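Summary of the model geometry
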Amino acid sequence: MNHSADSKNQPENDGQIYHHDEAENLPPHSHHDEETLSEVDVEAYWRANIKVLVVLLSTWAFVSFGCGVLFSDWLDQFHIGGFPLGFWFTQQGTMLCFVAIIFIYHIWMKKIERAHGVDDDENNVEDSLTSQSDTGAKS
Amino acid sequence: MSAQTLSFIFVGLSFALYIGIAIWSRVGSTKEFYVAGGGVHPVVNGMATAADWMSAASFLSVAGILAFTGRDGAVYLVGWTGGYVLLALLLAPYLRKFGRFTVPEFIGDRYYSKLARVVAVFCLICISFTYIAGQMRGVGIVFSRFLEVEIETGVVIGMAIVFCYAVLGGMKGITYTQVAQYCVLIFAFMVPAIFMSIMWTDNPIPQLGLGDKLNDGSGLSVLQKLDQVTTELGFNTYTVGTRSTIDSLAIAAALMIGTAGLPHVIVRFFTVPKVSDARKSAGYALAFICIMYTTIPAVAAFSRLNLTESVNEVAYSEAPAWIEKWENTGLIAWKDKNGDGIMQYRPGHAFSPTKPVFTEARGTYGERVISNELTSSANEMYVDRDIMVMANPEIAQLPNWVIALVAAGAVAAALSTAAGLLLVISSSVAHDLMKRTFMPDISDKKELLYARLAAVVAILIAGWFGINPPAFVAQVVAFAFGMAAASLFPPIVMGIFSKRINRSGAVAGMLIGLSSTLAYIIYFSFIAPEINNPEHWFLGISPTGIGTIGAALNVIVAVIVSRLTPAPPAEVQDMIDDIRIPAGAGVAHEH
């Protein structure tokens with residue numbers, strides 16, 4: 001995962017997977033209330049986002065369908081802590097990888113969002129405060 | 001104190017806690033009722049999501065399935081946990097940014113169509129009631145076995161408790177009771193697991209104990225011993241899989257996509273303050289789930305060893321007391337085929353049909369007499385998979401308070417899921433059908449009243465299912481995942497990642513996906529169960545895995561139909577642009 005997340009020189013082929021169409025002649029997006037976000041930034045942000053998804057979902061598919069099912073039997077020739085490796089993946093390993101994938105996603109996206117200025121921390125401090133104004137039930 | 005008295009005390013105390021939380025967190029607005037006001041901390045939400053999603057089936061049945069099927073069963077672990085990756089990466093952040101109350105609301109707005117919304121409500125209700133039937137049956141089993149009350153009484157008590165905190169507290173009440181329920185159920189699951197791990201390997205961490213050497217001085221590891229025992233008796237070798245690769249892949253995919261499409265799980269991510277919180281929260285949820293899910297294989301392995309040792313080749317007259325207790329609930333049966341008075345536990349079904357049909361009489365050794373036809377198999381035992389977790393403390397001769405703890409944990413698991421499901425049913429009916437479709441002018445107060453009424457009706461229907469349960473619960477719950485995969489997941493993901501999918505495509509996709517999956521399941525489970533085997537399955541995919549094909553059909557149909565019909569209007573395309581950017585989630589929430 002040494003992709004520079006926001007590099008723009010790699011063509012994306014996400015159309016095949018996500019049916020993501022570039023709608024071109026749209027009217028300007030009138031309802032981004034804080035119009036500090038330029039269109040260029042948003043486009044670049046979305047491309048970076050798709051790249052993160054492709055990398056992480058490939059890892060996810062490799063771990064779950066690959067290590068968990070397809071070459072699970074082959075992996076049994078290796079051992080980890082008393083387990084045949086393939087068996088360990090089906091019983092514990094895949095799950096640990098899934099948790100790691102989600103936290104990597106969270107951290108990675110946070111970085112990309114800061115770089116593109118669409119981070120929800122800076123822009124919406126007041127909003128998150130007002131939404132927490134409920135009575136009592138806040139731990 | 002007896003296990004029964006202790007169970008009453010533990011279950012009673014946990015109920016008092018849940019009701020206390022419900023009274024403390026009762027709600028006054030629809031926003032609080034549907035999404036707890038949108039101010040739930042991500043860790044709290046993660047814990048609540050874990051309890052919401054870990055159902056009676058997770059708590060009671062999965063370890064049992066694994067114990068009896070070994071490596072084959074692990075596809076359920078992979079499938080159910082892997083779905084959270086899809087949820088976190090493809091759905092949660094965008095739906096939080098969308099910032100409304102329900103899943104059908106997203107589908108209705110994204111596909112600018114009342115019809116799409118109503119179809120989504122229909123899918124949601126099909127999924128939720130299928131799932132809820134399993135929870136109520138779980139409550140019933142616990143009550144009948146541990147508290148020795150009638151299943152009906154147990155279900156009514158369970159309904160009353162859920163009524164208190166779901167109807168009064170809405171999402172807010174549910175969130176904080178689910179946090180309490182998570183603590184109860186994880187403690188109840190871990191304690192016996194740790195005891196059993198120490199008993200067999202001296203290792204207090206069950207996850208490591210599973211790979212460890214046995215402490216009996218034989219030099220064998222737990223897994224080697226299991227392979228040896230299972231092979232000797234003629235069962236499939238524990239660590240070797242037998243399911244076909246295509247079916248394993250299909251089941252894993254159906255459960256993963258299904259988990260990500262379950263409305264009561266998705267809606268939990270509407271309750272956090274920010275988009276980035278939705279991502280973080282999914283991570284915490286899966287981490288909390290994995291504490292239990294990585295323990296399940298250990299529990300399964302130890303209980304398989306325990307069961308074989310305490311049942312096989314043991315004289316019925318000297319059998320441990322738990323055998324008779326479970327026999328009385330009809331979940332264990334023994335037929336002395338060879339007349340030696342000793343229980344032989346072997347592969348294959350002992351009789352046909354596989355579930356025992358008891359007569360009133362008692363046999364030579366005091367066992368319950370069955371009227372089933374016998375098979376030629378040497379096996380004399382029927383052991384229901386669902387009892388493994390509950391019987392474990394007794395089989396392993398753990399103290400009575402552990403038994404009581406497991407009872408409270410199982411009830412917590414069932415109630416937390418049931419409440420989450422009831423909430424999505426009631427919010428869909430009140431918000432999507434009443435407010436957004438038929439009666440757009442009703443006030444917030446009126447809508448809240450409808451939501452509560454809908455919750456009451458849903459509780460009554462769920463209770464009816466609990467008292468008249470469908471035959472195979474774990475299976476029924478697995479079908480709910482297939483339906484979620486085939487109906488709701490594809491239109492949501494395509495709605496976010498494609499601007500071209502339009503309302504005709506989405507509606508056609510959902511209808512085809514749901515109906516094809518339902519038809520396949522109903523055909524093989526109810527119309528022609530006798531040909532429910534790999535030879536007759538489509539591409540060798542079992543009804544449990546067919547949701548994958550349903551989801552694929554849904555996508556194909558949606559894409560083709562959308563290509564042939566006009567693109568969505570500009571304001572919908574703007575909305576898609578908006579939900580793709582995390583900034584401004586608070587604004588989107590006010591509407």
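Residues numbered from 1 in each chain as written. Chains lettered and ligands numbered in written order. Predicted model: local features only at pLDDT ≥ 70, side-chain atom pairs only at ≥ 80, totals over all residues.

1. Points about the overall build of chain A
Each helix and strand in chain A was counted, giving six helices and two strands. Each helix (α) and strand (β) of chain A, taken in turn from the N terminus, gives the series α-α-α-β-β-α-α-α. Out of the 139 residues belonging to chain A, those deemed buried represent 35%. (Helix = DSSP H or I, 4+ residues; strand = E, 2+ residues; numbered from the N terminus. Buried ≥ 20, exposed ≤ 12 C-beta atoms within 10 Å, placed from the backbone.)

2. Focus: the packing of helix α4 (residues 56-69) of chain B against helix α16 (residues 388-395) of chain B
All names here are of chain B. Running from N to C, α4 and α16 cross one another at 80°; their axes reach a closest spacing of 7 Å. When the interaxial angle is binned, α4 and α16 end up roughly perpendicular. Contacts between α4 and α16 involve F59, L60, A63, G64 and A67 from the former and M388, V389 and M390 from the latter. Residues of the contact of α4 with α16, tallied by class, amount to seven nonpolar, one polar and no charged. (Axes fitted to C-alpha atoms, helices over the stretch in contact; angles between N-to-C directions. Parallel < 35°, antiparallel > 145°, perpendicular 65-115°, else oblique. Contact = placed C-beta atoms within 7 Å. Nonpolar A, V, L, I, M, F, W, Y, C, P; charged D, E, K, R; others polar.)

3. Considerations on the domain arrangement of chain B
Here the domain parsing of chain B yields domain 1 (22-303 + 397-473) and domain 2 (332-383). A straight line from the C-alpha centre of domain 1 of chain B to that of domain 2 of chain B covers 34 Å. (Domains from an automatic or database assignment.)

4. Some points on unusual backbone geometry
All names here are of chain B. The phi torsion at D202 lies on the positive side, around 65°, for a residue other than glycine. Within the secondary structure layout, D202 lies in the loop between α8 (151-201) and α9 (206-209). Since 12 C-beta atoms lie within 10 Å of it, D202 is described here as exposed. For E313, which is not glycine, the phi dihedral falls at a positive 60°. Topologically, E313 is positioned in the loop between α14 (296-311) and β1 (314-315).

5. A short note on the nonpolar core
Residue and element names in this part refer to chain B. L185, A410 and L422 are the most contacted members of the largest nonpolar core, which has 242 residues in total. When residues of this core are assigned to domains, at least three map to each of domain 1 (22-303 + 397-473) and domain 2 (332-383). Once you skip the residues sitting within four places of it in the chain, L185 turns out to touch A51, M54, F59, G409, A412 and A413. (Core = buried A, V, L, I, M, F, W, Y, C linked by C-beta atoms within 7 Å.)

6. Notes on helix α11 (residues 245-261) of chain B
For α11 of chain B, built from 17 residues, the straight-helix expectation of 24 Å at 1.5 Å per residue is met to within 8% by its first-to-last C-alpha distance of 24 Å. For α11 of chain B, the tally of buried residues reaches 15 of 17 residues, placing the bulk of the element in the interior. (Expected span 1.5 Å × (residues − 1).)

7. Concerning the pairing of strand β5 (residues 358-362) of chain B
All names here are of chain B. In terms of residue burial, β5 counts as a barely covered element, since only zero of its five residues are buried. Across two bridges, the pairing between β5 and strand β6 (residues 368-370) is antiparallel. Pairing of R362 across the sheet is with R368, part of β6. The hairpin turn running from β5 into β6, its antiparallel successor, is five residues long, and G366 in that turn takes a positive phi close to 90°. (Pairing = 2+ DSSP bridges.)

8. Comments concerning the confidence of the model for chain B
Residues and elements named next belong to chain B. This prediction gives chain B a mean pLDDT of 81; 96% of its residues lie at or above 70. Confidence drops under a pLDDT of 50 for residues 587-591, and excluding neighbours within four residues, the segment shows nine contacts in the predicted structure. Predicted as a complex, the structure gets a pTM of 0.82 and an ipTM equal to 0.85. (pLDDT = per-residue confidence, 0-100.)

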